[in-house]
Amino acid sequence: PPPPSPDPPPPRQHLWSPSALAIFPIQDLIALDDRVSNPNPRSDQINWPPNPKHYWRWRCHLSLEELERKTELLSTIRGLVEQSGRDGGY
């Protein structure tokens, strides 16, 4: 199926790609729901060049257990996977 808009957000771009695999950062998935995304987006920055002590790292502000309970976010992701046709086998 074609993507829903000319410039979809990153998860949608990857899901509607003709490639066999769709890989994206968890931050892109979390950003699909404003209620789940980090209230301080600057803290999600992986690299901060002016600070030599800020190494390439990222820590999710939610645990995996908390993410599992975000049913609306999971439903959104599931819907995107189904709409893009990636819910079947190869």
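Look a little higher up for the structure.
Scoring rules and cut-offs
Residues numbered from 1 in each chain as written. Predicted model: local features only at pLDDT ≥ 70, side-chain atom pairs only at ≥ 80, totals over all residues. Heavy atoms only, no water. Helix = DSSP H or I, 4+ residues; strand = E, 2+ residues; numbered from the N terminus. Contact = heavy atoms within 4.5 Å. Salt bridge = Lys/Arg side-chain N within 4 Å of Asp/Glu carboxyl O. Buried < 20%, exposed > 50% of the residue type's maximum accessible area, 1.4 Å probe, protein only. Expected span 1.5 Å × (residues − 1). Polar contact = N/O pair within 3.5 Å; in protein donor to acceptor, adjacent residues only side chain to side chain. Core = buried A, V, L, I, M, F, W, Y, C linked by side-chain atoms within 4.5 Å.

Participant: How would you explain the overall build of the protein chain if you had to name every residue and give the values?
Facilitator: In terms of regular secondary structure, the protein chain is built from four helices and zero strands. Listed N to C, the secondary structure of the protein chain is α-α-α-α in terms of helices and strands. Expressed as a percentage of contacts within the protein chain between residues at least 6 apart in sequence, the contacts between residues at least 24 apart total 50%.

Participant: Would you mind going over the pattern of salt bridges in detail, with residue names and values included?
Facilitator: Overall, the coordinates contain two salt bridges when judged by the stated rule. The partner of Asp 33 in a salt bridge is Arg 35, and the shortest N-O contact between them spans 3.0 Å. Judged by its relative accessible area of 9%, Asp 33 falls in the buried class. A salt bridge links Glu 72 to Arg 35, with the nearest nitrogen and oxygen atoms 2.6 Å apart. Here Glu 72 is found in helix α4 (residues 71-83), whereas its partner Arg 35 is found in the loop between α2 (26-30) and α3 (64-68), with 37 residues between them in sequence. With a relative accessible area of 48%, Glu 72 lands in the partly exposed category.

Participant: Can you break down α4 residue by residue, with the values?
Facilitator: The α-helix winds at 3.6 residues per turn, so residues separated by three or four positions along the chain end up facing the same way. For α4, spanning 13 residues, the distance from its first C-alpha to its last is 18 Å, which sits close to the expected 18 Å at 1.5 Å a residue. In the segment just after α4, Gly 85 is the residue with positive phi, at about 80 degrees.

Participant: Kindly report on the side chain of Ser 84, identifying the contributing residues and their values.
Facilitator: The topology assignment puts Ser 84 in the segment after α4. For Ser 84, a relative accessible area of 8% translates into the label buried. Looking at Ser 84, its side chain comes within polar contact range of the main-chain oxygen of Val 81, at 3.0 Å.

Participant: Explain the nonpolar core to me, and be specific about the residues and the numbers.
Facilitator: Counting six residues, the largest nonpolar core consists of Ile 30, Val 36, Trp 58, Leu 62, Leu 67 and Leu 73. Ignoring anything within four residues of it in the chain, the contact list for Leu 67 reads Ile 30, Val 36, Cys 60, Leu 62, Leu 73 and Leu 74.

Participant: So what's going on with the environment of Arg 35? Residues and values would help.
Facilitator: Accessibility expressed as a relative area gives 61% for Arg 35, which makes it exposed. Only 2.6 Å separates the side chain of Arg 35 from the side chain of Glu 72, close enough to count as a polar contact.

Participant: Give me the lowdown on the side chain of Gln 27, citing residues and values where you can.
Facilitator: Along the chain, Gln 27 falls in helix α2. Residue contacts for Gln 27: discarding those within four places in its chain leaves Ile 46 and Trp 58.

Participant: So what's going on with the environment of Glu 82? Which residues, and what values?
Facilitator: Within the element layout of this structure, Glu 82 appears in helix α4. For Glu 82, a relative accessible area of 46% translates into the label partly exposed.

Participant: If you had to explain the environment of Leu 15 to someone new, which residues and values would you point to?
Facilitator: Residue position: Leu 15 is located in helix α1 (residues 10-15). On the basis of relative accessible area, Leu 15 is assigned to the buried category, the value being 6%. Considering only alpha carbons, one finds Leu 15 and Ser 84, 69 residues apart in sequence, at a separation of 6.0 Å. Apart from the residues lying within four places of it in its own chain, the contact partners of Leu 15 are Ala 22, Phe 24, Leu 80, Val 81, Ser 84 and Arg 86.

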